Amino acid sequence: MTNTLPDNAPRRPGIAIVAPGGYPPDEAAFRLALARLEERGWLVHNYYDPVRKHQRFGGSDAERAGQLHAAARDPDVDIIIALRGGYGMSRLLPLLDYDLLAASGKRIVGHSDVTALQLALLATTGAPSFAGPMICDDFTRAEPNLYAMQSLTDCLRGPRHQVSWEEGGNAALDISGTLWGGNLAMIVHLLGTPYLPQVDGGILFVEDINEHPYRVERMLLQLLHAGVLGRQRALVLGDFSGYRLSDYDNGYGFSSMLRHLREVLPLPVVTGLPFGHIPAKATLAVGSQGRLLSSDIETSVSMTDYPAMRMLQECMFF
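Residues numbered from 1 in each chain as written. Predicted model: local features only at pLDDT ≥ 70, side-chain atom pairs only at ≥ 80, totals over all residues. Heavy atoms only, no water.

Asks: Quick rundown of helix 2 (residues 61-73)? Include the residues and the values.
Replies: Along an α-helix, a turn takes 3.6 residues, which lines up residues three or four apart on a common side. Here helix 2 spans 19 Å end to end across 13 residues, near enough to the 18 Å set by a 1.5 Å rise per residue. Looking at helix 2, one finds that the buried residues are Asp61, Arg64, Ala65, Gln67, Leu68, His69, Ala71 and Ala72. The secondary structure elements touched by the buried residues of helix 2 are strand 1 (14-18), strand 3 (79-82), helix 3 (89-92), helix 4 (98-104) and helix 5 (115-125). (Helix = DSSP H or I, 4+ residues; strand = E, 2+ residues; numbered from the N terminus. Expected span 1.5 Å × (residues − 1). Buried < 20%, exposed > 50% of the residue type's maximum accessible area, 1.4 Å probe, protein only. Contact = heavy atoms within 4.5 Å.)

Right, here's the structure in full:
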């Protein structure tokens, strides 16, 4: 898709679509999402080519890494957003030029499998990114979620962003530190590698999908035993849905798992963050300066010290 505006018209903000993992399950819905972005003023640069699909991926490993590098080099691109998650980012980690990605100043957006890229970028260069929607299926829905679109817009516009939610049971807290995290399975996957940032005094947020509470507990205990949780000031839980309990669990569900974690972990555990594999997901600035305020009624995370996108107008995504 190309810009058809007159030569003297203001440059439209550019958004690059890359496929670091899988390809779209519905090509027609994918094309509709690109058309929607064009209609809302974006100059769309689509680096995914359906002809280049390889196995379950949106291209070979080298091609998918090349998509990220090409988007970073494109002077007309402001935002790089992942087509979808699933699996594939892990295979690209040794192939990426992190200095190029960081120096480009592009705002990289995504979640789930894209967590590996965002944390690797933070670990190797200190560059921030944005945990938020992806094309599939946030933009391919019949009706994209307005909360998700507004949160993405607000966070990118900056220079300050806040996510608030009502949740009972959280302790009274006022904590500041580096905000970081993402998909829990991907964070644990990066343990022992150079791609996991060494954050001290941070606010760690996590989410996951289709993981039974005992597996969530096991992954968090792994982070504890590896020394990661002991260096954080707070742990914030997002959405953990899609799992199925059985008679064998005998009363062991998410709430009982949460009670146990709050007893054994050396840091406060806050729940209710509207982030994860859900339509109404917040966008969070990974690597920003965060402030966590909580009470038994309402909780908020505010973000500062991250690159804002001044040219972004209101409601550019919906």
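From this point on, the discussion continues.
Asks: Requested: an account of the sheet that holds strand 13 (residues 298-304), with residues and values cited.
Replies: Across the sheet, seven strands lie side by side as 6-13-12-7-8-9-10; this open sheet has mixed pairing. Either end of the sheet is taken by a strand with one partner, and the two such strands are strand 6 (161-166) and strand 10 (269-270). Two elements, strand 6 and strand 13, share six bridges in a ladder whose sense is antiparallel. Residue pairing in the sheet places Val163 in a bridge with Val301 of strand 13. (Pairing = 2+ DSSP bridges.)

Asks: Summarise the packing of helix 9 (residues 213-225) against helix 10 (residues 254-264); cite the residues concerned and give the values.
Replies: Following both chains from N to C, one finds helix 9 and helix 10 inclined at 20°, their axes separated by 9 Å at the closest point. With respect to helix 10, the axis of helix 9 lies roughly parallel. Crossing hand, helix 9 versus helix 10: right-handed. Packed against helix 9, whose contacting residues are Pro213, Val216, Glu217, Leu220 and Leu221, the element helix 10 presents Phe254, Met257, His260, Leu261 and Val264 at the interface. (Axes fitted to C-alpha atoms, helices over the stretch in contact; angles between N-to-C directions. Parallel < 35°, antiparallel > 145°, perpendicular 65-115°, else oblique. Left-handed = near helix turned anticlockwise from the far one by under 90°.)

Asks: Can you lay out the sheet that holds strand 5 (residues 129-131) for me, pointing to particular residues and giving the numbers?
Replies: Spatially, 2-1-3-4-5-11 is the arrangement adopted by the six strands of the open sheet, whose pairing is mixed. Two strands in the sheet have a free side with no partner beyond their single neighbour: strand 2 (43-46) and strand 11 (284-286). On average, each strand axis in the sheet is tilted by 25° relative to the strand beside it, whichever way the strands run. Here three bridges tie strand 5 to strand 11, and the two strands are oriented antiparallel to one another. Within strand 11, the residue paired with Phe130 across the bridge is Ala285. Across the sheet, helix 1 (residues 27-39) is in contact with strand 1 and strand 2; its angle to strand 2 comes to roughly 150°. Against the sheet, helix 2 contacts strand 1 and strand 3, and its axis sits at roughly 170° relative to strand 1.

Asks: Give me the lowdown on the packing of aromatic side chains, citing residues and values where you can.
Replies: Applying the stated rule across the entire model yields eight aromatic pairs. Between the aromatic rings of Phe30 and Tyr48, the centroid separation amounts to 5.5 Å while the plane-to-plane angle is 85°, which identifies the pairing as edge-to-face. Placement of the pair is Phe30 in helix 1 and Tyr48 in the loop between strand 2 and helix 2, with a sequence separation of 18 residues. Residue Phe30 shares its accessibility class with Tyr48, and that shared class is buried. Here the aromatic rings of Phe205 and Phe275 are separated by 5.5 Å at their centres, their planes lie at 85°, and the arrangement is edge-to-face. A residue pair is termed long-range when its members are at least 10 positions apart, and Phe205 in strand 8 (residues 202-209) and Phe275 in the loop between strand 10 and strand 11 qualify at 70 residues. This pair shows no difference in class: Phe205 is buried, exactly as Phe275 is. Grouped by ring-pair contacts, the aromatic residues Trp42, Phe139 and Phe317 constitute a single cluster. A cation sits over an aromatic face here: Lys53 above Tyr23, 4.5 Å from the ring centre. (Phe/Tyr/Trp six-rings, centres within 6.5 Å; stacked < 30°, edge-to-face > 60°. Lys NZ or Arg CZ within 6 Å of the ring centre and 35° of its normal.)

Asks: Before we move on, could you go through the pattern of salt bridges and cite the residues and values that matter?
Replies: Taken as a whole and judged by the stated rule, the model has eleven salt bridges. Measuring nitrogen to oxygen at the nearest pair gives 2.7 Å for the salt bridge that ties Asp138 to Lys281. Placement of the pair is Asp138 in helix 6 (residues 135-139) and Lys281 in the loop between strand 10 and strand 11, with a sequence separation of 143 residues. A relative accessible area of 2% means that Asp138 is categorised as buried. On the basis of relative accessibility, which here comes to 2%, the residue Lys281 falls in the buried class. One connected set of salt bridges, linked through shared partners, spans Asp137, Asp138, Arg141 and Lys281. (Salt bridge = Lys/Arg side-chain N within 4 Å of Asp/Glu carboxyl O.)

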